[in-house]
Amino acid sequence: MAKDRIGRAVGPQIITDNRKIVTAAGTRVQLETTSNVVSYIILTAETDNTGVIVVGASTVVATVLTRRGIPLSAGDSISLGAVDLADIYLDSTVSGDGVTYLCLV
């Protein structure tokens, strides 16, 4: 059995992945619309994005003058631990930009 960093035995975790697109720039979207608590997530801005995608809470804003959240350029990543995917929102400066993500459940 695998062990964590402290040496405690841990069982296997399920790996899931998905993709989310911001269809209309300036309109925030939830990463997932139903509650889905994961132990870890890595979000990566798609490598063909032409604008900036911003990851944050329900108050996320991509517009530069009022930006809220963490901005990601194409290929940039952010990792979060122990989070509900329904609490993560995205906004973008360009319509059609998005993220791909991998989770440990």
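Everything below is about the structure printed above this text.
It should be emphasised that the depicted structure is a prediction, and the values quoted were computed from it without experimental measurement.

**Q** Requested: an account of the pattern of salt bridges, with residues and values cited.
**A** The full count for this structure, using the stated rule, is 1 salt bridge. Taking the shortest distance from any N to any O, the salt bridge between glutamate 46 and arginine 19 comes out at 2.5 Å. Residue glutamate 46 is located in the loop between strand 5 (37–45) and strand 6 (53–56), and its partner arginine 19 is located in strand 3 (residues 15–21); the two are separated by 27 residues in the primary sequence. Taking relative accessible area as the criterion, arginine 19 reaches 48% and is therefore assigned partly exposed.

**Q** Outline the sheet that holds strand 5, listing residues and values.
**A** Within a sheet, neighbouring strands are paired by backbone hydrogen bonds and run either parallel or antiparallel to one another. If you walk across this open sheet you meet the 4 strands as 3-10-5-8, and the pairing is antiparallel. Unpaired on one side and paired on the other, strand 3 and strand 8 (77–84) mark the two borders of the sheet. Strand after strand, the sheet turns through a mean of 25° between neighbouring axes, direction not considered. Note that strand 5 and strand 8 share 7 bridges and pair antiparallel. Of the residues in strand 8, the one forming a bridge with isoleucine 42 is serine 79.

**Q** Just give me the short version of the nonpolar core, but keep the residues and values in it.
**A** Leu31, Ile41, Leu43, Leu85 and Tyr101 are the most contacted members of the largest nonpolar core, which has 18 residues in total. Those elements that provide at least two residues to this core are strand 5, strand 6, strand 8 and strand 10 (98–104). Sort the elements by how many residues they give to this core and strand 5 lands first, with 4 residues. Residues within four places of leucine 43 in sequence aside, it is in contact with Leu31, Val55, Leu72, Asp76, Ser77, Ile78, Leu80, Val99, Thr100 and Tyr101.

The rules we used
Residues numbered from 1 in each chain as written. Predicted model: local features only at pLDDT ≥ 70, side-chain atom pairs only at ≥ 80, totals over all residues. Heavy atoms only, no water. Salt bridge = Lys/Arg side-chain N within 4 Å of Asp/Glu carboxyl O. Helix = DSSP H or I, 4+ residues; strand = E, 2+ residues; numbered from the N terminus. Buried < 20%, exposed > 50% of the residue type's maximum accessible area, 1.4 Å probe, protein only. Pairing = 2+ DSSP bridges. Axes fitted to C-alpha atoms, helices over the stretch in contact; angles between N-to-C directions. Core = buried A, V, L, I, M, F, W, Y, C linked by side-chain atoms within 4.5 Å. Contact = heavy atoms within 4.5 Å.

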